[in-house]
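One-letter residues, chain by chain:
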Amino acid sequence: MVLGWVLGKNPFIRARPARALQNIVSKHSSQFRGNAQHDALEFLLWLLDRMHEDLGAASPAQQSRGPTQPGKDGSSGASRSPPGTQHPRGQSFVQSHFQAQYRSSLTCPHCLKQSNTFDPFLCISLPIPLRQTRALNVTLVLQCERWRFVRVGLAVPLLGTVADLREMVARHGRVPAEQVILAEVSPRGLLRSLSDPEALRAAGEAAPVYAFQPPPARRAGCPRSLPTSPAVPRPEGPRLLPSAARSSDCLHRAPGGRILLLLCNTAGTGLQLSRFGPPLVLREERGVSWEQLQQNILAQLRGVLRGEVRPQGSGALFRIRLAGGSAPCTYLSPQDPRPLCHPAIDRALQLCGAGGPPHVRLTAEWDTSTKERLFGSIQEEVVQDAESVRQQQQAHGQQHSCTLDECFQLYTKEEQLAPDDAWRCPHCKVPQQGTVKLSLWTLPDILIIHLKRFRQVAEQRHKLTTLVRFPLRGLDMAPHVAQRGQPGGQLLGRWAPWQPPLCLPPGCPRDHLYDLYAVCNHHGSMQGGHYTAFCCNALDGRWYSYDDSRVEGVREAEVSTRSAYILFYQRRRAAGSGTGHWVFRLAAAEPRADP
Ligand SMILES: [Zn+2]
């Protein structure tokens, strides 16, 4: 850019500009020596800093103008100009073209007084809005004439909790949320139940999420049919269970109480272990005998059984293992007259997290030959996909996109300080959780916008490939510039709304329109990448792609891509005729015109 013009005066440099630039850079900076890849923004800021140092000799015209002072908006609170940002002899070349100021305002929630700080910037680093939801498939387990499994696609909040998911499932399945049991069910059995306070991030990661509705508490007189389709609204409105079913039963009134059992059938061992048939939810008396429990489980499986079952030998067809108890592996004993009264069952109920009804997870372990004899080769249940599965996958599969304006809105969004960061309000004299808001106070002629594509989450950095749509012409910065005389501060002056403000701080432009003249693109990932550039040639007004030594024309429509990393805008007024590149004005060595 600028350097190209500066270096272009030297014939050797003109022949091999990239090599010459690299030589000069490595002479002055150890960090950019060698061929390792560096961050383009880091390099750009280093370059601007060096140019600020080396080309700082100001013209007499600039010296007489003196350094730019931060504007005063008349509001209460501190207003400071950061030290060491002005060239001692006046503005440097870099300052006069690239530098402007932003204001950070801290407002006390109690006295509403505002405290302002002004800082210079050479580049605006804009956050990219993140997608707020992700697609999560949940298999609804519906108990009609026989078990039915319908997988629905949900757009769940990325930062939500399991409670949010439970509400969504409840709406989808038209059942009360407190009746919904959410569990991860893997091909090897029940993995875990999900409780309300858990973050939703991990839900469904280890195994598919299933949502169960317990059978009604009283069988007699209760309609056995549950919603036939989760997505089709029923004319009679939400279907509610009889009132007796809506509060959980008295669980520990053994042996009279009834408890909810979530049960999977598995066969095989080790790597061959796999579940088969539908996962079940049963409501059983605590005092039930082993034989009765086994009969009730078989009754639920009658749809997949081959003919009648005659128990052999001891009468136990399978072993029942308790999952999630305090002991790693607890089996209920067929010899126990009341196996569900085992203390481990009580412990499991106590360990049940908040959310749906308390329940116990059990695995019925079958030996392979018994399973083959009674069920044949059946595997897992057949799950039907609702249309929403495809819809949500499509909606979330498309890569995310946003506008540059949305990035600016996020940048200037008001945020409340965290309790730990509370700031001592000079008026209230006590720590307050003030609200912080960034806004641009002045604008530079050359506006460099860095899109924060590299994101740190915990230990990991990753790259956002969001398409940020930015205008090539007429970027209007007016909405992002701080309004003089905002609430909390006094008006700078009084003028009728139809008159232009007369007393703007020095350097405040009336022209907020910018045109793009270059884009720095980053291709690849965090691990390795490649930089290219799109630049608008000021002579022919066309866009070109610069990829190492390859230069070719690009259409304007191709300039905005998912790789855009740093955007270079010039103020339309500063460009003069509107087509000329700002750098030509340097050749004329004319001092910057005052607004
Ligand atoms: Zn206060």
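Placed above this text is the structure.
Note that this is a predicted model, so its numbers are computed, not measured.

A look at the coordination of the zinc ion
Now for step 1: Looking at the zinc ion, the protein donor atoms are C108 (SG), C111 (SG), C425 (SG) and C428 (SG), and they sit 2.2 to 2.4 Å from it.
Now for step 2: Metal-centred angles of 103 to 115 degrees between the four donor atoms at the zinc ion mark the site as tetrahedral.
Now for step 3: Positions of the donor residues of the zinc ion along the chain correspond to the pattern C-x2-C-x313-C-x2-C. You can see C111 sitting in the loop between β1 (100-107) and β2 (114-121) and its partner C425 sitting in the loop between β17 (423-424) and β18 (431-432), a full 314 residues away along the chain.
Now for step 4: For C425, a relative accessible area of 1% gives the class buried.

Focus: helix α11 (residues 368-375)
Every α-helix carries 3.6 residues per turn, so stepping three or four residues along brings you back to the same face.
Now for step 1: Turning to α11, its buried residues number three or more, namely T370, K371, L374 and F375. Looking down the long axis of α11, one finds its buried residues gathered within 100 degrees of arc, a one-sided arrangement.
Now for step 2: Elements that come into contact with the buried residues of α11 comprise β9 (258-267), β10 (274-285) and β13 (360-366).
Now for step 3: Positive backbone phi, approximately 70 degrees, marks G376, located one or two places after α11.

Structural notes on the sheet that holds β1
Now for step 1: If you trace the four strands from one edge of the open sheet to the other, you get β2-β1-β19-β16, paired in antiparallel fashion. The open sheet is flanked by β2 and β16 (415-416), the only strands paired with a single partner.
Now for step 2: Of the pairings in the sheet, the one linking β1 to β2 comprises eight bridges and is antiparallel in character. Bridge pairing links S105 to N116 in β2.

A few points about the nonpolar core
Now for step 1: Grouped together as the largest cluster of nonpolar side chains are 43 residues, with contacts concentrated most on F212, I297, V360 and W366.
Now for step 2: Per-element accounting of this core gives the leading share, seven residues, to β9.
Now for step 3: For F212, the residues in contact, after removing those within four places along its chain, are V141, Q179, V180, I181, A183, V185, L262, P279 and V281.
Now for step 4: Counting 32 residues, the second-largest nonpolar core is a separate cluster that includes I128, L447, L475 and V481.

Structural notes on the packing of aromatic side chains
Now for step 1: Throughout the structure, instances matching the rule amount to twelve aromatic pairs.
Now for step 2: For the ring pair W366 and F375, a centre distance of 5.1 Å and an interplane angle of 85 degrees mean the geometry is edge-to-face.
Now for step 3: For W366, a relative accessible area of 3% gives the class buried.
Now for step 4: Note on F454 and Y565: the rings are 5.5 Å apart at their centroids and 75 degrees apart in plane angle, and the pair reads as edge-to-face. Remark: Y565 occurs in strand β29 (residues 564-571) and F454 occurs in strand β21 (residues 454-457); sequence separation between them is 111 residues.
Now for step 5: In this structure Y565 comes out as buried when scored by relative accessible area, which is 2%.
Now for step 6: Pairwise contacts between aromatic rings join F276, W290, F318, W366 and F375 into one cluster.
Now for step 7: One Lys or Arg, R319, reaches over the ring of Y331 and ends 3.9 Å from the middle of that ring.
Now for step 8: In this structure, K371 is placed above the aromatic ring of F276, and the distance from its NZ or CZ to the ring centre is 5.2 Å.

Structural notes on empty space enclosed by the protein
Now for step 1: Scanning the model with the defined rule gives four cavities of 30 Å³ or more in all.
Now for step 2: Of the voids in this model, the second largest cavity is the one considered here, and its volume is about 100 Å³.
Now for step 3: Every residue lining the second largest cavity is counted, eleven residues in all, and those nearest its centre are V141, L142, V175, A211 and Q213.
Now for step 4: Among the elements of the structure, β4 (133-143), α7 (162-173) and β8 (209-212) are those that each provide at least two residues to the lining of the second largest cavity.
Now for step 5: Looking at which element gives the most residues to the lining of the second largest cavity, the answer is β4, with three residues.

About the cut-offs
Residues numbered from 1 in each chain as written. Predicted model: local features only at pLDDT ≥ 70, side-chain atom pairs only at ≥ 80, totals over all residues. Heavy atoms only, no water. Donors = N, O, S within 2.8 Å, 3.2 Å for Na, K, Ca; no water. Tetrahedral: all angles 85-135°; square planar, octahedral: opposite > 155°, others 65-115°. Helix = DSSP H or I, 4+ residues; strand = E, 2+ residues; numbered from the N terminus. Buried < 20%, exposed > 50% of the residue type's maximum accessible area, 1.4 Å probe, protein only. Arc of directions from axis to C-beta. Contact = heavy atoms within 4.5 Å. Pairing = 2+ DSSP bridges. Core = buried A, V, L, I, M, F, W, Y, C linked by side-chain atoms within 4.5 Å. Phe/Tyr/Trp six-rings, centres within 6.5 Å; stacked < 30°, edge-to-face > 60°. Lys NZ or Arg CZ within 6 Å of the ring centre and 35° of its normal. 1 Å grid on protein atoms, 1.4 Å probe; cavity = no way out; pocket = protein on both sides within 12 Å on 5 of 7 lines; lining within 4 Å. Points joined across faces, edges and corners; volume = space filled by probe spheres on them.

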